[in-house]
Amino acid sequence: PTSLIIDCDPGVDDAVALLTAFGTPALELLAITTVGGNVPVDKTARNASILRQIAGRGDVPVFMGAERPLRREPMGAGEFHGAEGLGDMVPFEPEAGCAPGTAVEAIVEIVMARPEKTVSLAVLGPLTNLALALRAEPRLAGRLGPVAVMGGARAEGGNITASAEFNIWADPDAAAEVLASACDVTLFGLDVTHQVRATEARIAGLEALGTEPARAAASMMRFSQRIEREIVGWEAPPVHDLCPVAWMIRSDLFTLRPCHIAVETVSDLTRGHTAVEFREDVAGPLRHRWATGVDVDGVFELLTEAVR
Ligand code: BDR
Ligand code: CA
C-alpha cells in the first residue's frame, strides 16, 4: 500500500476526499494533519476527527496545524463550506480528539523516521503546514515521496480572483516556498478538478448505498450542489480535493504534464497566480507536474467503493 499523510482543511470536498481515503485499503494512512483554511483550524481539526469517527478509523491520528498563513491574514471560505465547514452536517464533539504535538512536528517526525521517499503527502488546503515543516527540517524535501496538491489555476482562471485558486491564494507565500523546494510536487488545479463534478446521478447513487460514510459524503455534495447553484450557477459542483487522493490510489486515472510552476506573492492584482511553464528553455528543468486530464467515472468509482 501507499503510505500517506493527508494535510487538509475540511471543508466539504476535503471531507469527501477523507472518506475516500479512510475506506481504501490500498492506502496506509499515517496521519491526518489540519490547517486553517476554509474554516479556522480548531474546526478543521474537529471536522477531521468527526469524519474519522464516521469511517470507523480511530487508528489514524489527527494533528492540529497552523492557525494562520505565513504572512497573510487568514481568509476563510465559509460561504462554500458552511460556517462549521461540513455543509449541512451539524458537527458533534468527536469521541477522540487530536493527538499531542503539532501537524508540523508530526509531518517531520513521520517522514524522517521512515526510509527515504516512502511517505507520500496529499495537501488539500493552503500549504502552510508543509512550508513550516520544510523550514523546520530542510532535509524533509529530499525524504518525502510524491506530494500531490489540490491547488492552482491556469486555463480558465481562478475561483477567488481572475488569477487565483483558493488554496494558493490563501497562503501564496507557503505555496511559493513549497514549489521552490526540492519536493516532488504535482498540482491538481482547477483545470482538472472542474472536470470532477458531483452530478445528481452520482449523488443519488451514493445516497442509495445507505452506509454512514456514503450518507456523509452525499450530504457534503448536496450542500455544494445548492451553494454552487446559488453562487456560481453550476448544476453539478466540482469535488476538487478528491483528485489528489484519487491519484494516490490510482495514478493511471490522471494525465499529467511536466512543467515548472511559480507563484505570484507580491502583486495585489494577481496574488496567488500559478505560472505554469511547460517550456524548458524558458523555465529551466521541469521539476513539477500539472494535471490536465482525468477519468471522472474512475474517480467516482474509487469514492463509491470506499464508502460502500
Ligand atoms: C479548494 O478550496 C477549498 O475551498 C476547497 O476545499 C478546495 O481545497 C478549491 O479551490
Ligand atoms: Ca480543501
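Residues numbered from 1 in each chain as written. Chains lettered and ligands numbered in written order. Predicted model: local features only at pLDDT ≥ 70, side-chain atom pairs only at ≥ 80, totals over all residues.

Going by what an unreviewed UniProt entry lists, the chain is known as Purine nucleosidase and is assigned to Brevundimonas halotolerans.

## Here's the deal with the packing of helix 1 (residues 12-22) against helix 2 (residues 41-54)
So the rule is basically this: In this analysis, axes come from line fits to C-alpha atoms, helices being fitted only over the stretch in contact, and the angle between any two N-to-C directions falls in the range 0 to 180 degrees. The helix and strand labels rest on DSSP assignments: H or I over at least four residues marks a helix, E over at least two residues marks a strand, and numbering proceeds from the N terminus. Roughly parallel means an angle under 35 degrees; roughly antiparallel, over 145; roughly perpendicular, 65 to 115; everything else is oblique. Rotating anticlockwise by less than a right angle from the far helix to the near helix defines a left-handed crossing, while the corresponding clockwise rotation defines a right-handed one. Whether two residues are in contact depends on their C-beta atoms, placed from the backbone: they are in contact if these lie within 7 Å. Under the grouping applied here, Gly and all other residues not named as nonpolar or charged are polar, the nonpolar ones being Ala, Val, Leu, Ile, Met, Phe, Trp, Tyr, Cys and Pro and the charged ones Asp, Glu, Lys and Arg.
Between helix 1 and helix 2, whose axes approach to 10 Å, the crossing angle comes to 40°. With respect to helix 2, the axis of helix 1 lies oblique. Of the two elements, helix 1 crosses helix 2, and the hand of that crossing is right-handed. Here helix 1 contributes Ala15, Leu18, Leu19 and Phe22 to the contact with helix 2, which in turn contributes Asn47, Ala48, Leu51 and Arg52. Its residues assigned to classes, the contact of helix 1 with helix 2 comprises 6 nonpolar, 1 polar and 1 charged.

## Observations regarding the site of ligand 1
Our working definition: We call a residue near a molecule or strand if the C-beta atom, set from the backbone, is within 6 Å of it.
Lining the immediate environment of ligand 1, one finds 15 residues, of which Gly11, Asp13, Ala77, Phe166 and His240 sit closest. Counting residues per element, the ones that place at least two in the shell around ligand 1 are helix 1 and helix 7 (166-170). Within the shell around ligand 1, the residues separate by chemical class into 5 nonpolar, 6 polar and 4 charged.

## Some details on the UniProt feature "domain: Inosine/uridine-preferring nucleoside hydrolase" (unreviewed entry) in the chain
Test applied: UniProt positions are given in the numbering used here, feature names are shortened, and annotations may be inferred rather than shown by experiment.
Under the local residue numbering, the UniProt record ascribes the feature "domain: Inosine/uridine-preferring nucleoside hydrolase" (unreviewed entry) to residues 4-300. Summarising residues 4-300: 40% helix, 17% strand, and an end-to-end C-alpha distance of 20 Å.

## Brief notes about the sheet that holds strand 2 (residues 27-34)
Worth spelling out the cut-off: Here the rule is simple: two strands pair whenever DSSP picks up at least two bridges between them.
Strand order in the open sheet made by the 9 strands is 3-2-1-4-5-6-9-7-8, with mixed pairing throughout. If you trace the sheet from one side to the other, it starts and ends with strand 3 (62-64) and strand 8 (274-277), each paired once. Along the sheet, successive strands turn relative to each other by an average axial angle of 30°, direction set aside. As defined by bridge partners, strand 7 (residues 254-263) adjoins strand 9 (residues 288-294) across 6 bridges and the pair is classed as antiparallel. Paired with Cys259 across the bridge in strand 9 is His288. Those strands touched by helix 4 (residues 103-113) are strand 1 (2-8), strand 2, strand 3 and strand 4 (119-123), and its axis lies near 150° from that of strand 2.

## Details of the pairing of strand 7
Relative to strand 8, strand 7 runs antiparallel, the two being bridged by 4 bridges. Paired with His260 across the bridge in strand 8 is Glu277.

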